[in-house]
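Residue-level listing of the chains:
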Amino acid sequence: MLKTLPGVTYEELLAARAEINLTNLKTTGAYGGCNRIFFTTKTGGNHSISFTGIGSTKMYCEKFMKTENSLVSTLQLVDRYELNGHQITFKDAAGKVLMTAVAADWD
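Residues numbered from 1 in each chain as written. Predicted model: local features only at pLDDT ≥ 70, side-chain atom pairs only at ≥ 80, totals over all residues. Heavy atoms only, no water.

Caption draft 1: Up close: unusual backbone geometry. Not every positive phi belongs to a glycine, and Asn46 is a case in point at roughly 60 degrees. By secondary structure assignment, the location of Asn46 is in the loop between strand S4 (36-43) and strand S5 (49-56). Even without being a glycine, His47 presents a positive backbone phi close to 60 degrees. (Helix = DSSP H or I, 4+ residues; strand = E, 2+ residues; numbered from the N terminus.)

Caption draft 2: Main features of the state of the cysteines. Here the structure, examined in full by the defined rule, presents one disulfide. For Cys34, the disulfide goes to Cys61, at an S-S distance of 1.7 Å. Of the two residues, Cys34 sits in the loop between strand S3 (29-31) and S4 while Cys61 sits in the loop between S5 and helix H2 (65-75), which places them 27 residues apart along the sequence. (Disulfide = S-S within 2.5 Å.)

Caption draft 3: Inspection of the sheet that holds S4 at higher detail. Pairing within the open sheet is antiparallel, and its four strands lie in the order S2-S3-S4-S5. Each edge of the sheet is formed by a strand with only one pairing partner; in this case those strands are strand S2 (19-21) and S5. Across the sheet, the mean angle from the axis of one strand to that of its neighbour is 25 degrees, orientation sign disregarded. By the bridge criterion, three bridges tie S2 to S3 in an arrangement that is antiparallel. (Pairing = 2+ DSSP bridges. Axes fitted to C-alpha atoms, helices over the stretch in contact; angles between N-to-C directions.)

Caption draft 4: The sheet that holds strand S8 (residues 97-102), seen in detail. Ordered by their spatial adjacency, four strands build an open sheet running S1-S8-S7-S6, and the pairing between neighbours is antiparallel. Whereas interior strands pair on both sides, the edge strands pair on one side only; in this sheet they are strand S1 (2-4) and strand S6 (80-84). Pairwise comparison of adjacent strand axes, ignoring direction, gives a mean angle of 25 degrees for this sheet. Two elements, S6 and strand S7 (residues 87-91), share five bridges in a ladder whose sense is antiparallel. Across the sheet, Asn84 pairs through a bridge with Gln87, a residue of S7.

Caption draft 5: Representation of the packing of aromatic side chains in the model. Counting across every chain of the model gives two aromatic pairs. On the basis of an interplanar angle of 70 degrees and a centroid distance of 5.0 Å, the ring pair of Phe39 and Phe51 is categorised as edge-to-face. Here Phe39 is found in strand S4, whereas its partner Phe51 is found in strand S5, with twelve residues between them in sequence. The same class applies to Phe39 as to Phe51, namely buried. Within the aromatic cluster, the residues linked to one another by ring pairs are Phe39, Phe51 and Phe90. (Phe/Tyr/Trp six-rings, centres within 6.5 Å; stacked < 30°, edge-to-face > 60°. Buried < 20%, exposed > 50% of the residue type's maximum accessible area, 1.4 Å probe, protein only.)

Caption draft 6: Broad picture of the nonpolar core. If you look at the biggest cluster of nonpolar residues, it comprises 21 residues, and the most contacted ones within it are Leu2, Ile20, Phe51, Leu71, Leu75, Phe90 and Met99. Breaking this core down by element, the ones donating at least two residues are helix H1 (10-16), S4, S5, H2, S7 and S8. With three residues, S8 is the single largest residue contributor to this core. Among all residues touching Met99, those that are not within four sequence positions of it are Leu2, Thr4, Leu5, Ile20, Leu71, Thr74, Leu75, Val78, Ile88, Thr89 and Phe90. (Core = buried A, V, L, I, M, F, W, Y, C linked by side-chain atoms within 4.5 Å. Contact = heavy atoms within 4.5 Å.)

Caption draft 7: Here's a closer look at the pattern of salt bridges. The full count for this structure, using the stated rule, is four salt bridges. The residue Lys66 makes a salt bridge to Glu12 at a minimum N-O spacing of 2.9 Å. One end of the pair, Lys66, is in helix H2; the other, Glu12, is in helix H1, with 54 residues separating them in the sequence. Between Lys91 and Glu82 there is a salt bridge, and its shortest N-O distance comes to 2.9 Å. Taking the relative accessible area as the measure of exposure, Lys91 reaches 19% and is therefore buried. (Salt bridge = Lys/Arg side-chain N within 4 Å of Asp/Glu carboxyl O.)

As structure tokens, then:
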């Protein structure tokens, strides 16, 4: 479950049921309320992570477009991650927090 995302409130994330799924790094993806978002995930040393080949289905859902657009643009900026219990924090190359998520069975 996404907990924070630039320009999107927590309530909007909840309404969209926004998520990122990294359970299996061979089949990673995300959801922003309307469309399935898919990408390739690469991880490396020093907690590096990148999302490339980002694409999505193409339905238009006015209510969730802000969330989906923010999610897609933010994924492109992610460079590092940090795990803290059941929470993952994604950061850019300068260390700025971009988004956070928590395992779906935790809040």
